Amino acid sequence: MTMSFEQNGIFMSRSANKFLDNATSHWEGVQVGFRDRREGYVVGHIVDPDGDMIISYGAYKGTVHEGEFKAGSGKYKGIKGKWTSSRVAYGKKPPWPNTYQRCRLFKGSYELPPK
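Worth saying up front: this structure is predicted, and the values here are computed from it rather than measured.

Caption draft 1: Region of the structure containing a nonpolar patch on the surface. On the surface, Val43, Ile55 and Tyr57 cluster together into a nonpolar patch covering about 260 Å² of accessible area. In this fold, tyrosine 57 is placed in strand β4 (residues 53–61). By relative accessible area, tyrosine 57 is classed as partly exposed at 39%.

Caption draft 2: Representation of the pairing of strand β2 (residues 24–32). On β2, burial follows the alternation: Ser25, Trp27, Gly29 and Gln31 on one face are buried, whereas Thr24, His26, Glu28, Val30 and Val32 on the facing-out side are not. The pairing of strand β1 (residues 2–10) with β2 spans nine bridges and is antiparallel. Bridging from a neighbouring strand, threonine 2 pairs with valine 32 of β2. Two strands pair when backbone bridges link them, and β2 and strand β3 (residues 39–47) are joined in this way by nine bridges, in the antiparallel orientation. By the bridge assignment, tryptophan 27 is partnered in β3 with glycine 44.

What counts as what
Residues numbered from 1 in each chain as written. Predicted model: local features only at pLDDT ≥ 70, side-chain atom pairs only at ≥ 80, totals over all residues. Heavy atoms only, no water. Patch = residues over 30% accessible without salt bridge, like charges linked within 9 Å, V, L, I, M, F, W, Y side chains within 5 Å. Areas by Shrake-Rupley, 256 points an atom, 1.4 Å probe, with all protein chains shown as cover. Salt bridge = Lys/Arg side-chain N within 4 Å of Asp/Glu carboxyl O. Helix = DSSP H or I, 4+ residues; strand = E, 2+ residues; numbered from the N terminus. Buried < 20%, exposed > 50% of the residue type's maximum accessible area, 1.4 Å probe, protein only. Pairing = 2+ DSSP bridges.

If you want it as structure tokens, here you go:
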């Protein structure tokens, strides 16, 4: 099975500096396969509460994603970094047909250019 998708989300940060805490995101992607036997690519647009943005992309196989921060605006201009994410919760019975709900844990690092 081949499919495209889009999804929206919100970040909650556990880091000391609250990186991306309460930032919203929109992701679009394509994949081959389904559930744990899938692989694909995703592009994300992340917006923090101040309106500053990050563009990210990644690839995945199964339920583990790996990606990079590629560009940013405002305080994130020149951002570089890498992340991984893994699924920590998955809704078994969706509230609407043909939808899915899940929670992911993101970990990674980033660098900003000197000011």
